[in-house]
Amino acid sequence: MQHLFIYKENNPRLIVIFAGWAMDNAPFMSLRRPGYDIMVVWDYRDFSIDWSCTAGYGEICVVAWSLGVYAAAASTAPVSARITLRLAVNGTLTPVDAMCGIPPAVFRGTLDGLDERNLTKFYRRVAGSREAYACFADHAPQRDIAGLKDELEAFLPREFFAPDLDRRFDRAIICRDDAIFPAANQWRAWENTPRVMIDGAHLPDFQAILDRYVLDKEHTGVRFAAGAGSYEDNATVQEGLVERMRCMMELHGVPAHMCRRGSRTIEIGSGTGKLSRVLDGYAGRFGTLEMWDIAADAPIEGPRRTYLKADAELQLMRTPSGSADFIASASTVQWFNSPSRFLGECARILTPGGLLLVGTYAAGNLASVEAATGRGLPLLEPEEWTGLAPDSLEVVDAATYTVGMEFDSAADVFHHLKSTGVNSLGRSTGVGVMRRAMAIFPRDLDGKYRIEYRPTVFMMRKK
């Protein structure tokens, strides 16, 4: 495989894009994501790569497209410990398959008839429309026919076809009008993975995908730090979520679990300390409480109380196995790149019988805000959360509910979101974008502007 950094500014995080067949770095050169460097991988005549070029990155996000999905699964084992996000875009782990990939006859026909003329036809099918192809042609790959034939032959099914695939993907993004990997085949292939069906052809809008699914953690930290002063007075939904978590802890005997001598509790996303104060009371004199947060200062101090300013998604990977008795998090994990990796790391870190308690937000949260801005978090349905849990975690309790809020103006809506640090708008949002969002934000017949939160709380136990 070949690779090239298309954006390198010594950021601490890296996006690795596995391109599709017949591609190189050229179609991706304009891509950017704040806080991340970007590297493109292509040419799958073999699946070997020297990963030493990624040594300086603490976090890697993989965005794999088309045949690059299989290539990513076959090659990323050496850096797996640093990968927090794996997106599959218009591709599957069975690349040549009548039901879950490219139909074999189509694949063989492409290989047998490959020449310059048919390659151009292929690129047109990839783009999907005349306009999209015109844009693609301005940045077309430069690949030779002989090499492309060899690359296709590497994907022909055979008896022992890369048995050591890493099949873990966080989400499958499927374009409805894909003329290369049929959308129905992709949908079947990712039955056990969260799936998103979007409009478009085989070549999607990669900038939109990066903006939506690769989280801007640096900006998130800045935004929450800026909102810390107004958070306590405005985060009523978050306060209600903590109360739900407190009731669930009381119901299932968590206070007795936490206050045992030597018991270790980790709080992920301590923020201004709404949940921290509850946990502090439960841990008492003998239990240890560690608070992690990407932005805020220590909300509580005292004996057996410690604070760590860190990206919790990465800190979990550095935490020893079987070292915690209780892990709790309120209004935080929706900002993580990989929910499945989060659950897997918690399962590894917990002792047998240890508990995980999470309060977060489900798909449909702040739907009216997302509709007005075109931006939002890639949230999961509650059943998707439980479906992602490893076999070593069993669900003890779960609840999802809705909280509505009303405002006198659209400006009041966005002021509220800003004061809690949870607004959906990114760092590049200008005055014009905000004005358009407020202009189209729906007003009800009574003149009020309404938003709806959808909190979800679940507790899991390590078997």
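A few points on the structure. All of these numbers come straight from a predicted model, not from anything done at the bench.

**Description of the overall build of the protein**
Per the secondary structure count, the protein includes 17 helices and 16 strands. Its C-alpha radius of gyration of 24 Å places the protein within 12% of the 23 Å reference for a compact globule of 463 residues. Its C-alpha atoms put the protein at 75 × 55 × 40 Å along the principal axes. When the 463 residues of the protein are sorted by exposure, 54% land in the buried category. Of the contacts made within the protein by residues no fewer than 6 positions apart, 77% connect residues no fewer than 24 positions apart. Surface exposure of the protein reaches about 19600 Å², of which carbon and sulfur atoms provide 52%. Side chains of the protein give 51 positive and 57 negative charges; the mean places of these two sets differ by 2 Å.

**Quick look at the packing of helix 9 (residues 236–251) against helix 11 (residues 274–283)**
A pair of packed helices is captured by two measures, namely the crossing angle of their axes and the spacing between those axes. The N-to-C vectors of helix 9 and helix 11 enclose an angle of 25°; their axes lie 9 Å apart at closest approach. Taken together, the axes of helix 9 and helix 11 lie roughly parallel to each other. Our pair here, helix 9 against helix 11, has a crossing hand that is right-handed. Contact residues: helix 9 offers Glu 239, Val 242, Met 245, Arg 246, Met 249 and Glu 250, while helix 11 offers Lys 274, Leu 275, Val 278, Leu 279 and Tyr 282. Its residues assigned to classes, the contact of helix 9 with helix 11 comprises 7 nonpolar, no polar and 4 charged.

**Considerations on the pattern of salt bridges**
Applying the stated criterion across every chain, the model contains 28 salt bridges. The residue Glu 394 makes a salt bridge to Arg 461 at a minimum N-O spacing of 3.7 Å. You can see Glu 394 sitting in strand 13 (residues 393–400) and its partner Arg 461 sitting in strand 16 (residues 455–462), a full 67 residues away along the chain. The exposure class assigned to Glu 394 is partly exposed, which follows from its relative accessible area of 33%. Between Asp 408 and Lys 448 there is a salt bridge, with its nearest N and O atoms 2.5 Å apart. Remark: Lys 448 occurs in the loop between helix 17 (431–440) and strand 15 (449–453) and Asp 408 occurs in the loop between strand 14 (403–407) and helix 16 (410–420); sequence separation between them is 40 residues. Judged by its relative accessible area of 23%, Lys 448 falls in the partly exposed class. Salt bridges sharing common partners tie together Arg 13, Glu 59, Lys 217, Asp 311 and Glu 313.

**Quick look at a negative patch on the surface**
Judged by side-chain charge, Asp 115, Glu 116, Asp 144, Asp 150 and Glu 153 come together as a negatively charged surface patch. Within the secondary structure layout, Asp 150 lies in helix 5 (residues 145–153).

**Considering helix 5**
Restricting attention to buried positions, one finds in helix 5 the residues Ile 145, Gly 147, Leu 148, Glu 151 and Leu 152. One side of helix 5 holds all its buried residues, which, seen down the axis, span an arc of 160°. Check the buried side of helix 5 and you find it contacts helix 2 (104–112) and helix 3 (116–127). At the N-terminal boundary of helix 5, the capping side chain belongs to Asp 144, with an oxygen 3.4 Å from the backbone nitrogen of Ala 146.

**Observations regarding the packing of aromatic side chains**
Under the criterion given, the structure shown has 19 aromatic pairs. Between Phe 169 and Trp 190, the aromatic rings sit 5.5 Å apart at their centres with planes inclined by 65°, giving edge-to-face as the arrangement. Residue Phe 169 is located in the loop between helix 5 and strand 6 (171–175), and its partner Trp 190 is located in the loop between helix 6 (183–189) and strand 7 (195–198); the two are separated by 21 residues in the primary sequence. Overall, Trp 190 belongs to the buried group, its relative accessible area being 3%. Ring pairs connect the aromatic residues Trp 21, Phe 122, Tyr 123, Tyr 133 and Phe 136, which therefore count as one cluster. In this arrangement the basic side chain of Lys 8 is found over the ring face of Phe 5, its NZ or CZ atom lying 4.2 Å from the centre. The side chain of Arg 212 reaches across the aromatic face of Tyr 213, ending 5.7 Å from its centre.

Rules behind the numbers
Note that residues are indexed from 1 along each chain, following the sequence as it is written. This being a predicted model, a pLDDT of at least 70 is required before a residue's local features are given, and a value of 80 or more before pairs of side-chain atoms are given or counted; all residues contribute to the totals for chains, interfaces and linings. As a convention, hydrogens and water are excluded, and side-chain values are obtained from all of the structure's heavy atoms. Helix numbers and strand numbers start at the N terminus; a helix is a DSSP run of H or I with at least 4 residues, a strand a run of E with at least 2. Only C-alpha atoms enter the radius of gyration, while the globule expectation follows 2.2 Å times N to the 0.38, with N the number of residues. Accessibility here uses a 1.4 Å probe with only protein chains present; expressed as a share of the type maximum, an area under 20% marks a residue as buried, one over 50% as exposed, and anything in between as partly exposed. Should any heavy atoms of two residues lie within 4.5 Å, those residues are considered in contact. For the accessible areas, the method is Shrake-Rupley and the probe is 1.4 Å, while residue cover comes only from the protein chains on display. As used throughout, the charge tally considers Lys and Arg to be positive and Asp and Glu to be negative, leaving His and the chain termini uncounted. A charge is said to be at NZ when it belongs to Lys, at CZ for Arg, at CG for Asp and at CD for Glu. Structural elements are reduced to axes, namely lines fitted to C-alpha atoms, with helices fitted over the stretch in contact, and the angle between N-to-C directions of any two is expressed from 0 to 180 degrees. Angles below 35 degrees are treated as roughly parallel, those above 145 as roughly antiparallel, those between 65 and 115 as roughly perpendicular, and all remaining angles as oblique. Left-handed describes a crossing in which the near helix is turned anticlockwise from the far one by less than a right angle; the clockwise case is right-handed. Following the grouping adopted for this structure description, the nonpolar residues are Ala, Val, Leu, Ile, Met, Phe, Trp, Tyr, Cys and Pro, the charged ones are Asp, Glu, Lys and Arg, and the polar ones are all others, Gly among them. Only one rule defines a salt bridge in this text: a Lys or Arg side-chain nitrogen within 4 Å of an Asp or Glu carboxyl oxygen. Distance thresholds for patches are 9 Å for like charges and 5 Å for nonpolar side chains (Val, Leu, Ile, Met, Phe, Trp, Tyr), applied to residues having over 30% relative accessible area and no salt bridge. The arc under discussion is defined with respect to the helix axis, by the directions toward the C-beta atoms. Side-chain atoms alone can form a polar contact between residues adjacent in sequence; in general such a contact is a pair of N or O atoms within 3.5 Å, and within protein one must be able to donate a hydrogen while the other accepts it. Centres within 6.5 Å are what make two rings of Phe, Tyr or Trp a pair, Trp counting through its six-membered ring; a difference in plane orientation under 30 degrees is then read as stacked, over 60 as edge-to-face, and the rest as tilted. Distance and angle both matter: a charge sits over a ring if NZ of Lys or CZ of Arg is within 6 Å of the ring centre and within 35 degrees of the ring normal.

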